[in-house]
Amino acid sequence: MVRSGASNRVGGCPVGVSAASEQKARARPEPPVKSKAVILELQDGTKQKRERKKTVSFSSMPTEKKISSASDCINSMVEGSELKKVRSNSRIYHRYFLLDADMQSLRWEPSKKDSEKAKIDIKSIKEVRTGKNTDIFRSNGISDQISEDCAFSVIYGENYESLDLVAHSADVANIWVTGLRYLISYGKHTLDMLESSQDNMRTSWVSQMFCEIDVDNVGHITLCNAVQCIRNLNPGLKISKIELKFKELHKSKDKGGTEVTKEEFVEVFHELCTRPEIYFLLVQFSSNKEFLDTKDLMMFLEAEQGVAHINEEISLEIIHKYEPSKEGQEKGWLSIDGFTNYLMSPDCYIFDPEHKKVCQDMKQPLSHYFINSSHNTYLIEDQFRGPSDITGYIRALKLGCRSVELDVWDGPDNEPVIYTGHTMTSQIVFRSVIDIINKYAFFASEYPLILCLENHCSIKQQKAMVQHMKKILGDKLYTTSPNVEESYLPSPDVLKGRILIKAKKLSSSCSGVEGDVTDEDEGAEMSQRMGKENVEQANNVPVKRFQLCKELSELVSICKSVQFKEFQVSFQVQKYWEVCSFNEVLASKYANENPGDFVNYNKRFLARVFPSPMRIDSSNMNPQDFWKCGCQIVAMNFQTPGLMMDLNIGWFRQNGNCGYVLRPAIMREEVSFFSANTKDSVPGVSPQLLHIKIISGQNFPKPKGSGAKGDVVDPYVYVEIHGIPADCAEQRTKTVHQNGDAPIFDESFEFQINLPELAMVRFVVLDDDYIGDEFIGQYTIPFECLQTGYRHVPLQSLTGEVLAHASLFVHVAITNRRGGGKPHKRGLSVRKGKKSREYASLRTLWIKTVDEVFKNAQPPIRDATDLRENMQNAVVSFKELCGLSSVANLMQCMLAVSPRFLGPDNTPLVVLNLSEQYPTMELQGIVPEVLKKIVTTYDTVSGLGALTEPASRVSGAPALRPPWTNRFTVDAEGESRLRCT
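Note that the structure is predicted; figures quoted are calculated from it, not measured.

Engineer: Would you take a moment to explain the sheet that holds strand E9 (residues 125-130) for this structure?
Structural biologist: Consider a sheet: its strands pair through backbone hydrogen bonds, and that pairing is either parallel or antiparallel. An order of E8-E7-E6-E5-E11-E10-E9 is seen for the seven strands of this open sheet, with the pairing classed as antiparallel. A strand with exactly one partner marks an edge of an open sheet, and here the two such strands are strand E8 (119-121) and E9. Neighbour-to-neighbour, the strand axes of this sheet turn through a mean angle of 30°, independent of strand direction. In the packing of helix H4 (residues 170-186) onto the sheet, contacts are made with strand E5 (81-86), strand E6 (92-99), strand E7 (105-109), E9 and strand E10 (151-156), and the angle to E9 comes to roughly 155°.

Engineer: Sorry, what's going on with unusual backbone geometry here?
Structural biologist: Residues apart from glycine generally show negative phi values, whereas peptide bonds are mostly found in trans. Between Glu109 and the following residue, Pro110, the backbone shows a cis peptide bond with an omega angle of -10°. Position of Pro110 among the secondary structure elements: in the loop between E7 and E8. Although it is not a glycine, Asn217 adopts a positive phi angle of roughly 55°. Locating Asn217 in the fold gives a position in the loop between helix H6 (201-213) and strand E12 (220-222). Even without glycine at this site, Asn376 takes up a positive phi of about 40°. Structurally, Asn376 is set in the loop between strand E14 (369-374) and helix H15 (391-398).

Engineer: Before we go on, may I ask you to explain the packing of aromatic side chains in this structure?
Structural biologist: Taken as a whole, this structure holds 34 aromatic pairs when the rule is applied. On the numbers, 6.4 Å between centres and 25° between planes, the contact of Phe300 with Tyr790 is stacked. Here Phe300, found in helix H11 (residues 294-303), pairs with Tyr790, found in strand E33 (residues 789-796); they are 490 residues apart in sequence, far enough to count as distant. Of the two residues examined, Phe300 and Tyr790, each falls in the buried class. Geometrically, the ring pair formed by Phe582 and Tyr590 is edge-to-face, given 6.1 Å between the ring centres and 90° between the ring planes.

Engineer: Any chance you could explain the nonpolar core here in plain terms?
Structural biologist: Soluble globular proteins tend to bury their nonpolar side chains together. Ranked by internal contacts, the top residues of the largest apolar core, which has 81 residues, are Tyr393, Leu406, Leu453, Met469 and Phe582. When residues no more than four places from it in sequence are discounted, the contact partners of Met469 are Phe430, Ile434, Leu453, Gly474, Leu477, Ile501, Leu552 and Leu555. In terms of nonpolar packing, the next biggest core, distinct from the first, is built from 56 residues, Ala167, Val177, Ile318 and Ile319 among them.

Engineer: Which parts of the structure should I look at to understand the pairing of E7?
Structural biologist: Within a regular strand, the side chains alternate between the two sheet faces. For E7, the tally of buried residues reaches five of five residues, placing the bulk of the element in the interior. Side chains Ser105, Arg107 and Glu109 project from E7 onto one buried face, and the interleaved Leu106 and Trp108 project onto a second face that is buried too. Two elements, E6 and E7, share four bridges in a ladder whose sense is antiparallel. Bridged to Leu99 within E7 is Leu106. Hairpin connection, E6 to E7: the antiparallel pair is bridged by five residues, and Met103 has positive phi, about 60°.

Criteria and thresholds
Residue positions are given per chain, counted from 1 along the sequence in the order it is written. Per-residue local features are limited, in this predicted model, to residues with pLDDT of at least 70; the limit for side-chain atom pairs, both in listing and counting, is 80 or more; totals at the level of whole chains, interfaces and linings are taken over all residues. Derived side-chain values reflect all non-hydrogen atoms in the structure, with water molecules and hydrogen atoms excluded from consideration. DSSP-based pairing: two strands are paired if at least 2 bridges between them are found. Numbered from the N terminus, helices here are DSSP runs of H or I no shorter than four residues, and strands are runs of E no shorter than two. Fitting a line to C-alpha atoms yields each axis, with helices limited to the stretch in contact; the angle taken between N-to-C directions then spans 0 to 180 degrees. By definition in these notes, contact holds between two residues if any of their heavy atoms fall within 4.5 Å. In this scheme Phe, Tyr and Trp rings, the latter by its six-membered ring, pair at centre separations within 6.5 Å, and the angle between planes marks the pair as stacked below 30 degrees, edge-to-face above 60, and tilted otherwise. Exposure is judged per residue with a 1.4 Å probe applied to protein chains only, and the accessible area is read against the type maximum: over 50% gives exposed, under 20% gives buried, and values in between give partly exposed. Among the buried residues, those of types Ala, Val, Leu, Ile, Met, Phe, Trp, Tyr and Cys that are joined through side-chain atoms within 4.5 Å form a nonpolar core.

Printed below as a string of structure tokens:
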């Protein structure tokens, strides 16, 4: 079976596992492949066998070795790997590549060429590119079938020729890229560097840890102490796994006993505590050193993580905070262990910390916000027989809920009680609920709390309700009469610390102490509908009336409950302080049939949507179905975990978990038009491209209740997008068999997000099983809260608790199809021809004077669109020439291309002139043709960049240079020199 929170599809949006996944072939682990023998014919005619062994694996299986240093990469390359050699015209050749033992040449076999020609000298290699970023890869007919993460290219020779290769896994590709870059950096000194790295900072630190345990200096420690020390350094590791690794090492040495030497301790630590994917990332930014210095770390933070205003002091603070060795802290070096600590810290979580506090404008009208809302808050199980308990209110209020429900009925001894009428749910005393609300109302948020009061009491007990609320809540009650001169509700900021009563209110014409009003009875509706199959028949529930006392009526101020009739009537006669409640079925009908009217209605009025009475099991509706229409109060059954509550909890995290989220501008502005069911781009909103790479997982627990497979976990990951129909999508990774401790996925996905402000991203980890895929963990985050760069995703259980040490390691990039966005995290990407461009259109209002004014705006808007698209296309071309994908930013482009600016004798071939408003590139003498293209394309980018400068630049305001120029210095003549090549 499929667990709750990872199944089905609702309203056209993905809900965990798609139908496609249910039909997938459940491939089980393949048997180990025996090593192959390749017969090579030597020049003297003799034949020699070379054993092709399995050299590297990133699996957590105890018998396999991990990569933990450049030496491991070089050794693996010397043994060789089978790679695919890609040529033009869709030709692909399987070749065996290896590094010569003297590390001077890269060879491949078999080859039609002479063996001396089927090689590339290491000293001729200019650069090593990752991904499909050469002309051959881009023009190859089957490029789409090649994984971006498995592809890499060796650029060599004076003409910058490319050797384009594809590994069978991203792991093998990383080994070759890292090893080749190391060889390029150190050349003939590579052996010396490899030997010196054996006694590096990390080994010294681990050895010191051993010596601290070996207090008697006997040269060995007990197995128990060794295991506990490694566990303390890496809490996510299982004790049984550490013990097994030591036992395997002893067995390989035919050693008995339980004593561990320093060399054994260091070896096991390196094996278990090195994450290869992080090691490869470190050497990418460390110029192939085994650590990052402050400048390296600055480059990583600025170019990859999108951190603005970075300096060496900030880098040093990070090193001092996360580097475990004293040597590293003193020298300002961040080792692989310090780098891992930093990347796994909350500082590098995927959730933007700016959103952990209130960060949105809280001075808009109340109707402009989504409000975290609970349905039948008093219930802690199902809707028909379940118990009622005050803990339901405590939990909801602690989670930031700002709208709770009280279903009040006559109780014994003139004490009103709360329960669902016409059902078998238990009862709780009204007074005790008000006490709890008073205590926890502003526990998680200082913004207004709405009490949705369903009143079914007699006049006598209504007066008792009033007494309790006035006595207990006191001045927190907001009873100020609405200002008839206003058009909108007060803002959350104005209503801080106040409690609003949403209930029926007597007409202003009522002069008596009580009057007659219509009844809102969800319980009766549920009771009547349980036996009805026809939805239309079920909607015709008879309207009842009851007597309301004036004292209770006077507690209702700006949330007066009224019955909805139709949109056109509401637009004309409804007052801004009147609130309508919609049954889920009716709200869905309006969302599908009148999506534009529903959005416009919610610009001014509050709308509350409550679950269908048929949800006896307290299941939840999809809140996105109603948020997309602008409905502010979508009442959820907080007691029921699963996808829908994941969406609700995740959504309201984005504004300090204060219970209020500002709706998109297109849902607030009077003149805007938005249809909730749009299946295309939204007019006036720039679509974003979300690029997510699922790199690896850490410490996945066995699914609860799953015992058939023992401790074996076969994980895979779903990435889901929830939002308007045009944005709903999902992608899944491959299954990694029998590895829940450190599975490597290395798969990239791309999603177009048409309305970013309403989109959410959900990561779901499942266990692939014959019987049914089991839920392991999930994390749901609003699109606007994503941090770009390399991030860890902390996984949560089905009920929302954080899973200890369980996470996903991902890379996130956000690019903008049509310009705009946050400058530090969004660039430009997709190249579009003029014929396929989407020009903004103006809607005719049939008001002649207004239409005439806006008619003149059409040509400038079209020109602006062309300028924006031309700029976008130029940037894409520049990225391609730099050998990078569309995900890259301009700083990464400059870092990639800057080594080419220096000739063989370190004379500059290109200089940057920083004296101009926008930096320009200047050629120095005769340069390779490729470099000319780069400079020409850059000139196009910088020229268009100057044209798109804001108007304030023209008025004499100081020019703001792109942040990447901080990596260059300017000499006395105004020419730049590379500071960090």
